[in-house]
Amino acid sequence: MKVVSSILPDESIQEMIRAKFPNVQFEFYKGMKHAQTSFQDAEIFITYGEDLTEEDITKAQNLNWIMVMSAGLDKMPLAACHKKGIIITNARGVHKIPMAEYTLGMMLQYVKQARVLWSNEQEEKWERRVPMEELCGKTILILGVGAIGGEIARLAKAFRMNTIGVNRTGNPVEFVDELCQLDDISTVVGKADFIVSVLPSTPETTHLLTYEHFKLMKNTSVFINIGRGDLVEEDTLFEVMKNKEIAHLFLDVFAVEPLPEGHPFWQMEQVTVTPHLSSLTKNYLPRSFEIFEKNLHTYNNKGNNMINQIDLTRGY
């Protein structure tokens, strides 16, 4: 069995996975450019999901399984993989700790006036009348309570927040007080002090939120997007902030990345821009390879319960 990777992990990870599967041939490369030749006869391929084309899938004669070491599948040639019956699994869940910590961190910065305090410190200004608040008692609405959203809800509960969740099924989720489906977002957005989206990019979620949704929100509410940049049109967000429909935006994802120099979001005081790093952590690849390892055992034993197997007809 030949496993080819366009990801070049640390030697320690390579040695670990080879030691656990001594009968498997592993080839690790830095990028698809170097992996291309070996990829064509690989049975299993490891990728971040951004370097494969339909042509690659067509040329791959032995490919049975692709392990995508990220949660996003936006750039994967899913239709071509579905046509050839290729299994796809992803690393959904490895992001939950860093992304939940990012979300709570931004919320804490906001209620504890971190930006004002940093500015006052730079000016050597002793000001005790800064309006400090608490997360306790506030309500968070989580759009997409899967692995990441569920972890955000768990941490929010530690701060004694009220939690509302949105998912596709409306099925109960631990640590979520109230749950509704995507079609019912307009019925709950007005209850929330913080609205955070971890929704993926699908036809169902593209431009899901409109100006009307933001008009229904409290003018003191905060919107945090760590999911995908196409959830709301950026022109809509600009109008929302210009008209002061809500109090603040924390944006980690954008329709076009990197966010261009000169974009108005950079200079808007009530918008915080971060460069799509909410999921980054030094533990990312070790956690991803833990999922791969478990799935490789299942694959070798011809099992059918692989972790995070993607429904290629739905794209998630």
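Data block above holds the structure.
Going along each chain's sequence as written, the residues are numbered from 1 onward. pLDDT decides what is reported in this predicted model: residues at 70 or higher carry local features, side-chain atom pairs at 80 or more are listed and counted, and totals for whole chains, interfaces and linings draw on all residues regardless. Working from all heavy atoms in the structure, the side-chain values ignore hydrogens and water.

Draft legend 1. Structural detail: the nonpolar core. For our purposes a nonpolar core is just a set of buried Ala, Val, Leu, Ile, Met, Phe, Trp, Tyr and Cys residues, chained together by side-chain atoms within 4.5 Å. Here the term buried applies to any residue with accessible area under 20% of the maximum for its type, exposed to any over 50%, and partly exposed to those in between, with areas from a 1.4 Å probe on protein chains only. Leu141, Phe214, Phe223 and Phe265 are the most contacted members of the largest nonpolar core, which has 31 residues in total. For this core, the elements supplying multiple residues, two or more each, are β6 (139–143), β7 (162–167), α9 (234–242), β11 (248–251) and β12 (271–273). When residues of this core are assigned to their parent elements, the largest contribution, three residues, is made by α9. Contacts between residues were defined by any pair of non-hydrogen atoms, one from each residue, lying within 4.5 Å. Each residue touching Phe223, except ones within four places of it in the same chain, is listed here: Ile195, Ser197, Leu209, Phe214, Leu231, Val232, Ile246, His248, Leu249 and Phe250. By size, the runner-up hydrophobic cluster in this structure holds 25 residues, among which are Ala100, Leu155, Phe194 and Val198. The helix count covers DSSP runs of H or I at least four residues long, the strand count covers runs of E at least two residues long, and both are numbered beginning at the N terminus.

Draft legend 2. Just the packing of aromatic side chains, in detail. Centre distance within 6.5 Å is the pairing criterion for rings of Phe, Tyr and Trp, where only the six-membered ring of Trp is used; planes under 30 degrees apart are then read as stacked, over 60 as edge-to-face, and the remainder as tilted. Here the structure, examined in full by the defined rule, presents nine aromatic pairs. Plain terms: the ring middles of Phe26 and Phe28 are 6.0 Å apart, the flat faces sit at 5 degrees to each other, and that makes the pair stacked. Judged by centre distance (6.4 Å) and plane angle (85 degrees), the rings of Tyr110 and Phe250 are edge-to-face. With Tyr110 in helix α5 (residues 96–111) and Phe250 in strand β11, this pair connects stretches of sequence that are 140 residues apart.

Draft legend 3. Structural view of α5. In a helix, the anticipated span is given by 1.5 Å times the number of residues less one. For α5, built from 16 residues, the straight-helix expectation of 22 Å at 1.5 Å per residue is met to within 8% by its first-to-last C-alpha distance of 23 Å. Those residues of α5 that are buried lie in contact with β6, α7 (147–158), β9 (194–197), β10 (222–225), β11 and α11 (284–300). Phi turns positive, to about 55 degrees, at Gln113, one or two residues after α5.

Draft legend 4. Representation of the sheet that holds strand β5 (residues 87–90) in the model. Pairs of strands are assigned from DSSP output, requiring at least two bridges between the strands. In space, the five strands of this open sheet follow the order β2-β1-β3-β4-β5, with parallel pairing throughout. If you trace the sheet from one side to the other, it starts and ends with β2 (25–28) and β5, each paired once. The average undirected angle you get between the axes of adjacent strands in this sheet is 15 degrees. One ladder, built from three bridges, connects strand β1 (residues 2–5) with strand β3 (residues 44–47); its direction is parallel. Each residue of the ladder has a partner; that of Val4, found in β3, is Phe45. Only the stretch in contact is used when a helix axis is fitted, and all axes are lines through C-alpha atoms; the angle between N-to-C directions ranges over 0 to 180 degrees. Lying over the sheet, α11 contacts β1, β2, β3, β4 (65–68) and β5, oriented at roughly 160 degrees with respect to β4.

Draft legend 5. Structural context of the packing of α5 against α7. Between α5 and α7, whose axes approach to 8 Å, the crossing angle comes to 45 degrees. Considering the angle they form, α5 stands oblique to α7. Helix-helix and strand crossings are classified by hand; for α5 and α7 the assignment is right-handed. Contact residues: Lys96, Met99, Ala100, Glu101, Thr103 and Leu104 in α5; Ala147, Ile148, Glu151, Ile152, Leu155 and Ala156 in α7. Along the lines of polarity and charge, the residues of the contact of α5 with α7 split into eight nonpolar, one polar and three charged. Under this scheme an angle from 65 to 115 degrees is roughly perpendicular, one under 35 degrees roughly parallel, and one over 145 degrees roughly antiparallel; angles in between are oblique. Two helices cross in a left-handed way if the nearer one is turned anticlockwise from the farther one by less than a right angle. They cross in a right-handed way if the turn is clockwise. Under this grouping Gly is polar, as are all residues other than the nonpolar Ala, Val, Leu, Ile, Met, Phe, Trp, Tyr, Cys and Pro and the charged Asp, Glu, Lys and Arg.

So yeah, pure geometry; function would need other evidence.
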